[in-house]
Amino acid sequence: MRLGKQSNKAPAGHHVTLITRVGCHLCDDAAAQLSRLRDELGFGYDELDVDADRDRRNEYSDRVPVILIDGKEHGYWRLEEDRFRKALAR
Amino acid sequence: MTVPGNDAVPESVSDLVRRAARATPDTPAIIDGRERVTWSELDARATTAALALRASGLDDGDRVALQLGTGLDFVVLYLGAGRAGLITVPVNPTYTVPELAHVIDDSGARLLVTAATSSASVSTVRPDALLEGAPTGDDPCRDRTGEDVAVLLYTSGTSGRPKGAMLSTRALLANLDQVAALDPPMVTADDVAFVPLPLFHVFGLNTGLGIALHAGATTVLADRFDPLASLATMADEHVTVVIGAPGMFAQWAALAQLATAFGGVRYALSGSAPLPAALAAQYASLGITLHEGYGLTETAPGVTLNRTGKAGSIGRPLPGVEVELRDQDGSPVEDDDDPGQLFVRGPNLFSGYWPDGADGPDTDGWFGTGDIAVRDDDGDLTLVGRASELVLVNGFNVYPAEVESVLGAQPGVAEVAVVGADDQVTGEAVVAYVVPAEGASLDPDQLVSAAAESLAKFKLPREVSVVDTLPHTVTGKVMKWRLKAESTDASR
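Residues numbered from 1 in each chain as written. Chains lettered and ligands numbered in written order. Predicted model: local features only at pLDDT ≥ 70, side-chain atom pairs only at ≥ 80, totals over all residues. Heavy atoms only, no water.

> What is the right way to look at the overall build of chain B in this model?
Looking only at helices and strands, one finds 14 helices and 24 strands in chain B. Seen along its three principal axes, the alpha-carbon backbone of chain B occupies a region of about 70 × 50 × 45 Å. Each of the 492 residues in chain B was classed as buried or not, and the buried ones make up 55%. At a minimum sequence separation of 6, the contacts of chain B that also span at least 24 residues come to 64%. Entry remark: accessible area of chain B is about 20,200 Å², with carbon and sulfur atoms responsible for 50%. (Helix = DSSP H or I, 4+ residues; strand = E, 2+ residues; numbered from the N terminus. Buried < 20%, exposed > 50% of the residue type's maximum accessible area, 1.4 Å probe, protein only. Contact = heavy atoms within 4.5 Å. Areas by Shrake-Rupley, 256 points an atom, 1.4 Å probe, with all protein chains shown as cover.)

> I'm lost on helix 2 (residues 39–55) of chain B in this one. Help?
The periodicity of an α-helix, 3.6 residues per turn, causes residues three or four places apart in sequence to face the same way. With 17 residues, helix 2 of chain B ought to run about 24 Å at 1.5 Å a step, and its terminal C-alpha atoms sit 24 Å apart, in line with that. Of the residues trailing helix 2 of chain B, B:Gly57 is marked for its positive phi of about 95°. (Expected span 1.5 Å × (residues − 1).)

> Just to check I follow, could you spell out the state of the cysteines for this structure?
By definition, a disulfide is the covalent link that joins the sulfur atoms of two cysteine residues. Residue and element names in this part refer to chain A. Per the stated rule, a full pass over the model turns up 1 disulfide over all chains. The disulfide bridge from Cys 24 ends at Cys 27, spanning 2.3 Å between sulfur atoms. Sign of the S-S torsion, about 85° for the bond between Cys 24 and Cys 27, identifies this disulfide as right-handed. Residue Cys 27 is classed as buried on the basis of its relative accessible area, which comes to 2%. (Disulfide = S-S within 2.5 Å.)

> When you look at the packing of helix 2 of chain B against helix 3 (residues 72–83) of chain B in this model, what are you seeing that I'm missing?
For any two helices packed against each other, the geometry is given by the interaxial angle and the distance between the axes. Residue and element names in this part refer to chain B. The geometry of helix 2 relative to helix 3 is characterised by a closest axis approach of 7 Å and an angle of 65° between their N-to-C directions. Both helix 2 and helix 3 take part in a crossing whose hand is right-handed. For the pair helix 2 and helix 3, the contacting residues are Leu 42, Asp 43, Arg 45, Ala 46, Thr 47, Ala 49, Ala 50 and Leu 53 in the first and Leu 72, Val 75, Val 76, Leu 77, Leu 79, Gly 80, Ala 81 and Arg 83 in the second. Among the residues making up the contact of helix 2 with helix 3, the classes are represented as 11 nonpolar, 2 polar and 3 charged. (Axes fitted to C-alpha atoms, helices over the stretch in contact; angles between N-to-C directions. Left-handed = near helix turned anticlockwise from the far one by under 90°. Nonpolar A, V, L, I, M, F, W, Y, C, P; charged D, E, K, R; others polar.)

> Any chance you could explain the environment of B:Pro339 here in plain terms?
All names here are of chain B. Residue placement: Pro 339 occurs in the loop between strand 16 (322–326) and strand 17 (340–345). Sequence-wise, Pro 339 and Tyr 399 are 60 residues apart; in three dimensions their C-alpha atoms are separated by 9.8 Å. Non-local contacts of Pro 339, meaning those with residues more than four positions away in its chain, are made with Val 333, Ile 372, Ala 373, Val 374, Val 384 and Tyr 399.

See below:
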């Protein structure tokens, strides 16, 4: 368990969170895109259901999927690959 | 041509009505004043209009000009023209005789439908006369689909002579699909959408009406904008979505009835002209977020949308629309906050201008909007001006929008427009036109010295003219070319 978690960490230690909703097509698209980029860039990753937590819902409900890098909002709706790569390179 | 099955993917805008008529035949589709039309009635009326248009001798691919105000007649004839296999040419009812003549001649329209008396050199009919004379029959199902041009939309044009942007069915439906993909949806079948916009303009036509037709929502229309009456309509019809222009939101803001009318509104979209940050803030203080959308005729129209309410921003590209900022050499802007011309790519793009598709998207599918934007660290875009409005003072770039926001923030300034004027010494110079707020008097020298606190010297206006009003287009944009012509004349 601990080993698996450590191996998820990018060398620079970046962690990406995708905030999703069940049945949201744009969320599926973003998850697929991130899965591909993760193979290449090796960042930590988790997905959170926007409706599973009240604070999260209040913050993000009206614009899923939302992409967070190290807990800070990076963007929503669609992952812009160039911007994302630049942000992870920092 | 389309033969709709029960679960068929819509192949035309008119197909959206067939779909809603199957799903919810008895719910209201359009409310226009005292007239209420269900989806099955709208479906039948669209077919009637199609039969009437075919009976008047029009054939597949012919252009029909609709010079009509916002109302049921426009909707029915637009949908009917689609079913009849025709290309709709929406025309501004306030066009002068020469303006109308240009559109008719350029488009080669074979029929003009107008409620006004017309001297146009084309066969002309009133909408009521046309529809009353319709033969009975079945839906001709001659829908223009895919790459077929469905609408020829003459751009309102803040510069020069209107050109006909060719919008294919593919482009129109793509933009509706792009908006419909958002989660949560902007409009659903349970919504009542208020669209007090001109339908001869792309924002009213494909964002207002189109999105509602796509969602199967009820559309409440309003012609001639009356702030007080429209707020009463919103309350009476239990409106849940408002799609309007900044000028409308500004006029409503002054009225006490605003809070009641907006009580049931869960989504308010502002488009067709820049939304002043102060106006958005005023609504925010009432708990209402005005979402600014950005688009253009050539992109059918939606490009970006501000979903967070960040002040002054046009937000992010709609999913499915690609945006790139390019510098003057055409290479992508590297750094955040550096301005670049906004280029757009996506299936919602037009097919060039009538008739030969000139000046459309390039071979890679990109189209330059002529708008200058910056992208911030969050990935949100903000417009800073028009490429064509860029003023070069001693070779330094001045974006009029920056000067406008500084002057506009001074007390007593209601509206401001900044243009470039020829200057013998500096090449070009900044010239400002300011409209005083009611009861205020403005001193040009004082405005310039106040602006000097936040603007570099080369950005300061050479002249500030205090004027009663600025010339506006129908959707509220300042016609800067008129101001520019004026400042050029004055300097001679």
